[in-house]
Amino acid sequence: MRVLIVEDEPRMAAVIARTLTKDGAAADLAADGDRAIELATIVDYDAIVLDVMLPGRSGFDVCRLLRERGVWAPVLMLTALDAVHDRVAGLDSGADDYLVKPFALAELQARLRALARRGRPERPAIIEIGDLRLDPARRAVQRGAAEIELSAKEFALLETMMRRRGEVLSRLELIESAWDFAYENRSNVIDVYVRRLRAKIDEPFGTATIETIRGAGYRIRDTP
Ligand code: CA
């Protein structure tokens with residue numbers, strides 16, 4: 001496993017690197033976002049540990065830029081902030097999981113192993129349901145001729161649902177498709193994201209693509 005550690009504090013970076021190399025991983029270090037982007041576009045990392053608080057670009061920006069450049073290595077974000085809006089900002093920027101500082105090194109190892117095991121999602125061809133069109137490679141969504149802007153997590157959720165059209169997906173299944181973290185109230189996150197998705201892909205067009213299945217979860221209609 002080859003991991004990129006993006007952290008400006010040398011001591012923290014060294015501790016993480018030591019932990020991972022002891023675990024048999026190879027670890028590269030980047031002290032700022034520009035260096036991180038440079039390395040991650042050259043090297044095919046199995047995972048990226050990304051601190052939010054960096055000089056210059058924040059970890060959120062770095063993550064967003066990586067995704068925009070087609071770098072799909074799983075990102076584990078390190079944050080000192082445990083506010084809900086920071087978690088959401090991290091996930092919106094395209095992170096796969098996050099850890100709040102201070103964290104136990106054993107937990108960091110476990111999360112990274114889980115992310116690496118999950119691997120990179122396959123990027124399939126364009127998925128279409130009626131006039132709703134999702135292009136994973138371009139990370140683009142269209143309804144008819146209208147381009148729809150989605151955050152990374154909104155996109156991931158919609159992609160999961162569209163790939164499994166017609167199936168009822170529980171909140172837990174949906175969360176597991178796009179998130180790895182285990183914090184309380186996690187099923188609420190899906191409701192929040194579904195609400196946002198509907199406001200973008202359905203409400204402006206008078207469609208009802210995402211159905212709520214009471215007591216079970218959500219389903220994308222097979223035929224619009
Ligand atoms: Ca830092």
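Structure's up top.
What this report covers is the structure whose coordinates are included nearby.

What counts and how
As a convention, each chain's residues are numbered from 1 in the sequence order in which they are written. At least 70 in pLDDT is required for a residue's local features to be given in this predicted model, at least 80 for side-chain atom pairs to be given and counted, and no such filter applies to totals for whole chains, interfaces and linings, which use all residues. To get the side-chain values, all heavy atoms of the structure are used, and hydrogens and water are removed first. Water is not among the atoms examined, so metal sites may look incomplete; donors are the N, O and S atoms within 2.8 Å of the metal, or within 3.2 Å for Na, K and Ca. Throughout, exposure labels follow a simple rule: accessible area from a 1.4 Å probe, protein chains only, divided by the maximum for the residue type, with under 20% read as buried, over 50% as exposed, and the rest as partly exposed. Elements are defined by DSSP. Helices are runs of H or I of four residues or more, strands are runs of E of two residues or more, and each kind is numbered from the N terminus. Contacts described as polar in this section are N or O atom pairs within 3.5 Å, which, within protein, must combine one atom able to donate a hydrogen with one able to accept it, while residues neighboring in sequence count only if both atoms come from side chains. When DSSP locates at least two bridges between a pair of strands, those strands are taken to pair. A fitted line through C-alpha atoms represents every axis, and for helices the fit uses only the stretch in contact; the resulting angles, taken between N-to-C directions, go from 0 to 180 degrees. In this analysis, two residues are considered to be in contact whenever any of their non-hydrogen atoms come within 4.5 Å of each other. Counted as salt bridges are all cases of a side-chain nitrogen of Lys or Arg within 4 Å of a carboxyl oxygen of Asp or Glu.

### Quick notes on the coordination of the calcium ion
Around the calcium ion, the protein supplies Glu-7 (OE), Asp-8 (OD), Asp-51 (OD) and Met-53 (O) as donor atoms, at distances of 2.1 to 2.7 Å. You can call Asp-8 partly exposed: its relative accessible area is 30%.

### Considering the environment of Asp-32
Relative to the helices and strands, Asp-32 is located in the loop between strand 2 (26-30) and helix 2 (33-42). Of the polar contacts made by the side chain of Asp-32, one reaches the backbone nitrogen of Arg-35; its length is 2.9 Å.

### With respect to the sheet that holds strand 7 (residues 132-135)
Each strand in a sheet pairs with its neighbour through backbone hydrogen bonds, running either in the same direction (parallel) or in the opposite one (antiparallel). Spatially, the 4 strands line up as an open sheet ordered 6-7-8-9, and their pairing is antiparallel. Both edges of this open sheet fall to strand 6 (127-129) and strand 9 (146-148), since each of them pairs with a single strand only. The sheet shows a mean angle of 20° between the axes of neighbouring strands, taken without regard to direction. Packed onto the sheet, helix 6 (residues 152-163) meets strand 6, strand 7 and strand 8 (140-143) and runs at close to 115° relative to strand 7.

### Looking at the sheet that holds strand 4 (residues 75-79)
The 5 strands lie next to each other as 2-1-3-4-5, forming an open sheet whose pairing is parallel. For this open sheet the edge positions go to strand 2 and strand 5 (97-100), each flanked by a neighbour on one side alone. For this sheet, the mean inter-axis angle between neighbouring strands, taken without regard to orientation, is 20°. Both strand 3 (residues 47-51) and strand 4 contribute to a ladder of 4 bridges, which runs parallel. Along strand 4, the bridge assignment pairs Leu-50 with Met-77.

### Here we look at the pattern of salt bridges
Pairs can form between side chains of opposite charge whenever their charged atoms are close. The full count for this structure, using the stated rule, is 21 salt bridges. With a shortest N-O distance of 3.5 Å, Arg-133 and Glu-128 are connected by a salt bridge. Look at Arg-133 and you get partly exposed, because its relative accessible area is 29%. On the accessibility criterion, Glu-128 (44% relative accessible area) is partly exposed. Across the salt bridge formed by Asp-191 and Arg-171, the nearest N and O atoms sit 2.7 Å from each other. Here Arg-171 lies in helix 7 (residues 171-178) and Asp-191 lies in helix 8 (residues 186-202), a separation of 20 residues in the sequence.

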